[in-house]
Amino acid sequence: MGFEKLVFYVFAAILVFAAFRVITVRNPVHAAMFLVLAFFTSAALWLLLEAEFLAITLVLVYVGAVMVLFLFVVMMLDINLVPLREGFIRYLPAGAAVAAAMVAEMILVVGARRFGAAAELPLRHGPDYSNTRELGAVLYTDYFYPFEIASAVLLVAIVAAILLTLRRRPGETRYQDPAWQVRVRREERVRLVSMPAEKRQ
């Protein structure tokens, strides 16, 4: 067993352990920390595959931005997760079946050519090789239409999230009415109160 394969198995084991702890730990902050560990180990695996751009993007975007926001929301809301964790064992068989189906689909899609002897080939490139250039060339040539469709779906999701957040719910959401602000008069905003001066004792 070579050194690169040993490093791969070590990071893969850490990734599986971190992903398992994300769904089994009771504290949501600890779950977020294990998710950060899973992101870092995934980035390390991508570095082994010479996908440096994807690795640094995963660290910068998900660990540096998404997880910080997630931790901020979890710690601000102080959600009681005890009722949510009560049905974990009850839904475990269904979750295991879905996970097994996903693993089977990945094996069928990738095929034996990635898990067999062909996987032993080294992934070395020349000094002028650019991972970012190759990724962009593949995205905007072979996968141009799926990439555009995914962008449109994400745009629709962003608009839907904004509309759900800004909907007017009486008594819950506070908002400003510009028309009412324009019609306001000075007499309604400022009230002069005459108070007698206090005398020193």
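Worth saying up front: this structure is predicted, and the values here are computed from it rather than measured.

Asker: Explain the overall build of the chain residue by residue, including any values.
Answerer: Looking only at helices and strands, one finds 10 helices and zero strands in the chain. The order of α-helices and β-strands along the chain, N terminus first, is α-α-α-α-α-α-α-α-α-α. Across the 201 residues in the chain, those meeting the buried criterion constitute 13%. For the chain, contacts bridging at least 24 residues in sequence account for 61% of all contacts bridging at least 6. Carbon and sulfur atoms make up 68% of the accessible area of the chain, which amounts to about 17300 Å² in all.

Asker: Pulling in residues and values, what's your account of the packing of aromatic side chains?
Answerer: Applying the stated criterion across every chain, the model contains five aromatic pairs. Ring centres of F17 and F34 lie 6.0 Å apart, and the angle between their planes is 85°; this geometry places the pair in the edge-to-face category. One end of the pair, F17, is in helix α1 (residues 3–24); the other, F34, is in helix α2 (residues 28–48), with 17 residues separating them in the sequence. Summarising the aromatic geometry, the rings of F144 and Y145 are spaced 5.5 Å apart at their centres and angled 75° between planes, so their arrangement reads as edge-to-face. Relative accessible area serves as the criterion here: at 32%, F144 is assigned to the partly exposed category. Judged by its relative accessible area of 63%, Y145 falls in the exposed class.

Asker: With reference to specific residues and values, describe the confidence of the model for the chain.
Answerer: Residues of the chain with pLDDT of at least 70 account for 80%, and the chain-wide mean is 79. At the low end of the mean pLDDT range in the chain sits helix α6 (residues 112–115), at 58; at the high end sits α1, at 89.

Asker: Tell me about the side chain of S42, and name the residues and values.
Answerer: Structurally, S42 can be placed in helix α2. Here S42 falls in the buried class, since its relative accessible area comes to 19%. Only 2.8 Å separates the side chain of S42 from the backbone oxygen of A38, close enough to count as a polar contact. Leaving out residues up to four positions away in the same chain, S42 has contacts with L15 and L58.

Asker: With reference to specific residues and values, describe the nonpolar core.
Answerer: By size, the foremost hydrophobic cluster in this structure holds nine residues: A32, V36, F39, A43, A55, L58, V63, M67 and L71. Within the residue set of this core, elements represented by two or more residues are α2 and α3 (52–77). A per-element tally of this core places α3 first, with five residues. Setting aside anything within four residues of it in sequence, one finds V63 in contact with V36, F39, F40, L58 and V68.

Asker: Would you mind going over a nonpolar patch on the surface in detail, with residue names and values included?
Answerer: Together, W46, L49, F53, L54, I56, L60, V61, Y62 and V66 make up a nonpolar patch on the protein surface, roughly 780 Å² of accessible area in all. With seven residues, the top contributor of residues to the nonpolar patch is α3. Note that W46 resides in helix α2. For W46, a relative accessible area of 31% gives the class partly exposed.

Asker: Kindly report on the packing of α1 against α2, identifying the contributing residues and their values.
Answerer: Each packed pair of helices is defined by two parameters, the angle between the axes and the distance between the axes. The contact between α1 and α2 brings their axes to 8 Å, and the two run at 155°. One way to sum up the angle between α1 and α2 is to call them roughly antiparallel. At the point where α1 passes α2, the crossing takes the left-handed sense. Every residue of α2 that contacts α1 at E4, V7, F8, F11, A12, I14, L15, F17, A18, R21 and V22 is listed here: A31, F34, L35, L37, A38, T41, S42, A44, L45 and L48.

Asker: Let's hear about the side chain of T41: which residues, and what values?
Answerer: Mapped onto the elements, T41 comes out in helix α2. Take T41: its relative accessible area is 4%, and that puts it in the buried class. If sequence neighbours within four positions are ignored, T41 has contacts with F11, I14 and L15.

The rules behind each value
- Residues numbered from 1 in each chain as written.
- Predicted model: local features only at pLDDT ≥ 70, side-chain atom pairs only at ≥ 80, totals over all residues.
- Heavy atoms only, no water.
- Helix = DSSP H or I, 4+ residues; strand = E, 2+ residues; numbered from the N terminus.
- Buried < 20%, exposed > 50% of the residue type's maximum accessible area, 1.4 Å probe, protein only.
- Contact = heavy atoms within 4.5 Å.
- Areas by Shrake-Rupley, 256 points an atom, 1.4 Å probe, with all protein chains shown as cover.
- Phe/Tyr/Trp six-rings, centres within 6.5 Å; stacked < 30°, edge-to-face > 60°.
- pLDDT = per-residue confidence, 0-100.
- Polar contact = N/O pair within 3.5 Å; in protein donor to acceptor, adjacent residues only side chain to side chain.
- Core = buried A, V, L, I, M, F, W, Y, C linked by side-chain atoms within 4.5 Å.
- Patch = residues over 30% accessible without salt bridge, like charges linked within 9 Å, V, L, I, M, F, W, Y side chains within 5 Å.
- Salt bridge = Lys/Arg side-chain N within 4 Å of Asp/Glu carboxyl O.
- Axes fitted to C-alpha atoms, helices over the stretch in contact; angles between N-to-C directions.
- Parallel < 35°, antiparallel > 145°, perpendicular 65-115°, else oblique.
- Left-handed = near helix turned anticlockwise from the far one by under 90°.

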